[in-house]
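What follows is each chain in one-letter form.
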Amino acid sequence: MEDWQQVLAKSIVKPKDLAKRFGLDEQEVEAIVGPYPMRITPTVLETIRSKDDAIWKQVVPDAAELDDIAADDDPLEEDLMSPVPHLVHRYPDRVLLMVTNQCPIYCRFCTRKRLVGKPGFLKKGELDRAIQYLREHNEVRDVILSGGDPLLLPDHLLERILKALRTIPHLELIRIGSRVPGSLPQRITPRLCEIIRQYHPIYMNLHFNHPDELTPEVKAACGRLADAGVPLGAQTVLLKGVNDDPDIMKRLVHQLLLARVKPYYLYQADLTKGTNHFRTTVETGLRIIKALQGHTSGMAVPHFVIDAPGGGGKIPLLPDNYLVHLDEDGAVLRNYENKTFHYPQPKADGRRELPMVGVGSPVDEAEEAYAACGDSYPDRDGYAMWGNSCGGDADEL
């Protein structure tokens, strides 16, 4: 076995080992692990500081998983949108290809609890059917490798898939969704990076939920992927008791950027059987986005989305008070400081309409609530009303 496989083999998968390490009831753990497998890598074990902390909640089986029986096994209806085995075609120009059911860790909130933990990888015949489907659908320009975790495939199997995909002329992008860099960083070997480099453009969306996951070892693994030319994004699930706090989320996105990973999606937790105890209110996510927007760099702010039940796809949400009013004359906008601004619509005759300082708003609020451009930034050269920047000094650019 390779070094990373030896590390993976040391993971906790048996209830008796977990019970011994943390003083838990072995029979209780056994009852949960029966339907919902467990795997906790040494890397993740080392980041658990105490029982019920943010990392513990993500990976240690909880009896609450068995109490939640009302939700669906497949809330996103992936199985119904699968024209050939292991391939999901929900959006017009992109597909999801699930290449394995194995993961380095089994997240207790996983949307695919119905699938993960089953043995085996995508078989050659199954890969051939998926490739044939993609050849026959010219509209598909983007394929996302998922599972399970694609980076748990041995190098030669992963390369076989990448090579087969690159024989399809109209396929432009390959994306890989992975939890590996944060839970099994030893897997990000020079050989793996060399393989990936040959099949660019390849993007990766990595899964991180809490700043404690970004250890120096994990950041180094992300750096190796970035050095191999892979643009890295992060997908985060909003989880009760894990990251449902603006300060924790701000720490997370800052640590991600330091690891050269762009925060991409913040997911509202799915309605998956066995995961309901992780769900927060939608308002919680909106408050977090509002706490980030304007208070840190824009590239640190992820898209907050709900993957709509019933296969509706990802729907983005923003706090509802950014756009105060919109009509044919213009938009009244509210910024992160709770100040309001007017942006004019273009006129039908094509003439440019410039914003005027102090012009009242059509919405039913006090006039003084709408800050003129000059109220927000120093207008040293007297041209605040003319520029989009509301007071920026062009002579200093």
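See above for the structure.
Residues numbered from 1 in each chain as written. Predicted model: local features only at pLDDT ≥ 70, side-chain atom pairs only at ≥ 80, totals over all residues. Heavy atoms only, no water.

(A) A look at the pairing of strand β7 (residues 262–268). Across the seven residues of β7, five count as buried, placing the element largely inside the fold. Across six bridges, the pairing between strand β6 (residues 232–238) and β7 is parallel. Among the inter-strand pairings, threonine 236 is bridged to a residue of β7, identified as leucine 266. One crossover worth recording links β6 to the parallel β7 by way of helix α12 (residues 246–258), and it is right-handed. Where β7 lies against strand β8 (residues 303–308), three bridges are found, and the strand directions are parallel. What sits directly across from tyrosine 265, in β8, is histidine 303. The parallel pair β7 and β8 is bridged by helix α13 (residues 282–292), and the resulting crossover is right-handed. (Buried < 20%, exposed > 50% of the residue type's maximum accessible area, 1.4 Å probe, protein only. Helix = DSSP H or I, 4+ residues; strand = E, 2+ residues; numbered from the N terminus. Pairing = 2+ DSSP bridges. Right-handed = clockwise from strand over helix to strand, strands pointing away.)

(B) Examining a negative patch on the surface more closely. Negative charge collects at one region of the surface, where Asp17, Asp25, Glu26, Glu28, Glu30, Asp52, Asp62 and Asp67 lie side by side. Broken down by element, the negative patch gets its largest block of residues, three residues, from helix α3 (residues 26–33). Inspection of the secondary structure puts glutamate 30 in helix α3. (Patch = residues over 30% accessible without salt bridge, like charges linked within 9 Å, V, L, I, M, F, W, Y side chains within 5 Å. Areas by Shrake-Rupley, 256 points an atom, 1.4 Å probe, with all protein chains shown as cover. Salt bridge = Lys/Arg side-chain N within 4 Å of Asp/Glu carboxyl O. Lys, Arg positive; Asp, Glu negative; His and termini not counted. Charge placed at Lys NZ, Arg CZ, Asp CG, Glu CD.)

(C) Inspection of the sheet that holds strand β10 (residues 323–326) at higher detail. A sheet is described by the order of its strands in space; here three strands give the open sequence β10-β11-β12, paired in antiparallel fashion. Pairing within the sheet leaves two strands with one partner each, and these edge strands are β10 and β12 (340–344). Strand-to-strand, the axes of this sheet are offset by a mean angle of 15 degrees, without reference to chain direction. One ladder, built from five bridges, connects strand β11 (residues 330–334) with β12; its direction is antiparallel. From the neighbouring strand, leucine 333 faces β12, where its bridge partner is phenylalanine 341. (Axes fitted to C-alpha atoms, helices over the stretch in contact; angles between N-to-C directions.)

(D) Spatial organisation of α3. For α3, the full list of buried residues reads Val29, Ile32 and Val33. Across the axial projection of α3, the buried residues extend over an arc of 95 degrees, all falling on one side. Considering only its buried residues, α3 is in contact with α2 (15–22) and α6 (64–67). A side-chain oxygen of the first residue of α3 lies 2.9 Å from the backbone nitrogen of glutamine 27; this N-cap is aspartate 25. (Arc of directions from axis to C-beta. Contact = heavy atoms within 4.5 Å. Polar contact = N/O pair within 3.5 Å; in protein donor to acceptor, adjacent residues only side chain to side chain.)

(E) Structural context of the pairing of β6. Most of β6 sits inside the fold, with seven of its seven residues counted as buried. Neither face of β6 is left uncovered, since the one carrying Leu232, Ala234, Thr236 and Leu238 and the one carrying Gly233, Gln235 and Val237 both have all their residues buried. Note that strand β5 (residues 202–207) and β6 share four bridges and pair parallel. Within β6, the residue paired with leucine 206 across the bridge is alanine 234. In this fold, the crossover linking β5 to β6 by way of helix α11 (residues 216–227) has right-handed handedness.

(F) Expanded view of the packing of aromatic side chains. Evaluation of the coordinates by the stated rule reveals four aromatic pairs. Measuring from ring centre to ring centre gives 5.8 Å for phenylalanine 109 and phenylalanine 278, while their planes differ by 75 degrees; the resulting arrangement is edge-to-face. Here phenylalanine 109 is found in the loop between β2 (94–100) and α7 (124–136), whereas its partner phenylalanine 278 is found in the loop between β7 and α13, with 169 residues between them in sequence. Taken together through their ring pairs, the aromatic side chains of Tyr264, Tyr265 and Tyr267 make up a single cluster. Directly above the aromatic system of tyrosine 91 lies the positively charged group of arginine 94, at a separation of 4.1 Å from the ring centroid. When the ring centre of tyrosine 36 is taken as reference, the NZ or CZ atom of lysine 113 above it lies at 4.1 Å. (Phe/Tyr/Trp six-rings, centres within 6.5 Å; stacked < 30°, edge-to-face > 60°. Lys NZ or Arg CZ within 6 Å of the ring centre and 35° of its normal.)

(G) Seen up close, the sheet that holds β8. Read from one edge to the other, the open sheet built from nine strands follows the order β1-β2-β3-β4-β5-β6-β7-β8-β9, with strand pairing classed as mixed. Both outer strands of the open sheet, β1 (87–91) and β9 (313–317), are each paired with one neighbouring strand and no more. Averaged over all pairs of adjacent strands, the angle between their axes in this sheet comes to 30 degrees, without regard to strand direction. Looking at chain direction, β1 and β2 are connected through three bridges and run antiparallel. In the sheet register, valine 88 faces β2, and the bridge partner there is leucine 96. The sheet contacts of α13 involve β6, β7, β8 and β9, and relative to β8 the element is tilted by about 160 degrees.

(H) Structural view of the nonpolar core. Leu145, Leu165, Met204 and Leu232 are the most contacted members of the largest nonpolar core, which has 67 residues in total. Apart from the residues within four sequence positions on either side, leucine 165 is in contact with Ile131, Leu134, Val143, Leu145, Leu171 and Ile174. (Core = buried A, V, L, I, M, F, W, Y, C linked by side-chain atoms within 4.5 Å.)

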